[in-house]
Amino acid sequence: MSKRLIRILAIALLFSATACSDAPPLPRLGADDVVLAFGDSITYGTGARPEESYPEVLAQLIGRRVVSAGVPGEVTANGVQRLPEVLDDVKPKILLLCMGGNDMLRKVEPVAIESNVRTMVRMARDRGIAVVLIAVPKPALFGGNAKFYQTIAKENDLNLEGDILKDILFDNEFKDDPIHPNAKGYRRMAEAIAGLLRRAGAV
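For clarity, every value in this text was computed on a predicted model and none was experimentally measured. (Residues numbered from 1 in each chain as written. Predicted model: local features only at pLDDT ≥ 70, side-chain atom pairs only at ≥ 80, totals over all residues. Heavy atoms only, no water.)

We now examine the packing of helix α6 (residues 110–126) against helix α7 (residues 147–156). The contact between α6 and α7 brings their axes to 10 Å, and the two run at 35 degrees. Relative to α7, the crossing made by α6 is right-handed. Contacts between α6 and α7 pair Pro110, Ile113, Glu114, Val117, Arg118, Val121 and Arg125 from the former with Phe148, Thr151, Ile152, Glu155 and Asn156 from the latter. Among the residues making up the contact of α6 with α7, the classes are represented as six nonpolar, two polar and four charged. (Axes fitted to C-alpha atoms, helices over the stretch in contact; angles between N-to-C directions. Helix = DSSP H or I, 4+ residues; strand = E, 2+ residues; numbered from the N terminus. Left-handed = near helix turned anticlockwise from the far one by under 90°. Contact = heavy atoms within 4.5 Å. Nonpolar A, V, L, I, M, F, W, Y, C, P; charged D, E, K, R; others polar.)

By the definition in use, this model includes nine salt bridges. Its salt-bridge partner being Glu74, residue Arg82 comes within 2.7 Å of it at the nearest N-O pair. Judged on exposure class, the residue Arg82 and its partner Glu74 are both buried. Glu155 is the partner of Arg118 in a salt bridge, and the nearest nitrogen-oxygen pair spans 2.8 Å. On the criterion of sequence distance, the pair formed by Arg118 in helix α6 and Glu155 in helix α7 is long-range, its members being 37 residues apart. Under the relative-accessibility criterion, Arg118 is labelled partly exposed at 27%. Several salt bridges share partner residues, and in doing so they unite Arg49, Glu51 and Glu52 into one network. (Salt bridge = Lys/Arg side-chain N within 4 Å of Asp/Glu carboxyl O. Buried < 20%, exposed > 50% of the residue type's maximum accessible area, 1.4 Å probe, protein only.)

Positive phi values are uncommon outside glycine, yet Lys107 reaches one of about 60 degrees. Looking at where Lys107 falls in the secondary structure, it is placed in the loop between α5 (101–105) and α6. Positive phi, normally seen in glycine, also occurs at Asp157, with a value near 55 degrees. For Asp157, the position within the fold is in the loop between α7 and β5 (159–161). Using a relative accessible area of 53% as the deciding quantity, one classes Asp157 as exposed.

Attention shifts here to helix α3 (residues 54–62). All of the buried residues in α3 are Tyr54, Pro55, Val57, Leu58, Ala59 and Ile62. Backbone geometry just downstream of α3 places Gly63 in the positive-phi region, at approximately 65 degrees.

Tracing the backbone shows Glu161 in strand β5. The class for Glu161 is buried, based on a relative accessible area of 9%. The contact partners of Glu161, leaving out residues within four places of it in the chain, are Leu133, Ile134, Ala135, Ala192 and Leu196. Among the polar contacts listed, one links the side chain of Glu161 to the backbone nitrogen of Asp163, at a separation of 3.0 Å. (Polar contact = N/O pair within 3.5 Å; in protein donor to acceptor, adjacent residues only side chain to side chain.)

Mean pLDDT over the chain stands at 89; residues scoring 70 or higher make up 87%. Counting interchain partners and residues more than four positions distant, the pLDDT-below-50 stretch residues 5–21 has three contacts. (pLDDT = per-residue confidence, 0-100.)

Strand order in the open sheet formed by five strands is β2-β1-β3-β4-β5, with parallel pairing between adjacent strands. Single-partner strands in this sheet number two, and they are β2 (65–70) and β5. Each adjacent strand pair in this sheet contributes to an overall mean axis angle of 20 degrees, direction not counted. Sheet strands in contact with α7 are β4 (130–134) and β5, and its direction is about 160 degrees off that of β4. (Pairing = 2+ DSSP bridges.)

Turning our attention to the packing of α3 against helix α9 (residues 183–199). As a packed pair, α3 and α9 sit with axes 8 Å apart at the nearest point and diverge in direction by 45 degrees. Regarding the angle of α3 to α9, the classification is oblique. In the crossing of α3 with α9, the sense of the turn from one axis to the other is right-handed. For the pair α3 and α9, the contacting residues are Tyr54, Val57, Leu58, Gln60, Leu61 and Ile62 in the first and Tyr186, Arg187, Met189, Ala190, Glu191, Ile193, Ala194, Leu197 and Arg198 in the second. (Parallel < 35°, antiparallel > 145°, perpendicular 65-115°, else oblique.)

Structural data, given as structure tokens:
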């Protein structure tokens, strides 16, 4: 195979990979930039040791500081109240927002959950902070993700990780109980988010 043909094939493969990635670009993380993981017990790491939580593993994978701000049992209404102070204290460049599961367990109306998630997205973006939304599956047998995650991501041109928690929480190998990953699950979650951050140009 000639060098010219090899070069053409390489360019075609690169173009194909770029075309297949529909992730909006994220700001490049400098060595001292911070990522904030904000959420409930899944962000906290319930079901595994602290060093096995997804923010801790993600920090190792991307070589950046990842601050974990997960509060077990928290609903989105509480998140709206808590987030501004955390954002102003941590000053992250990117926010990883993973909330809504506890609302769904408590049968909060989807419109209220959506409104609260939208508010948290706006709080971050008003401060110039990029947002990655992490969808939580509905707590039902064969339940998929609530539609509002995709709606919010599309309307705000956000990166959405919509598959990983759904995949983990419907596979006993990767979960500690019906609503929490185990250490293997959190590692898979961290790997998926690290991949998203790389595809979007953050690392």
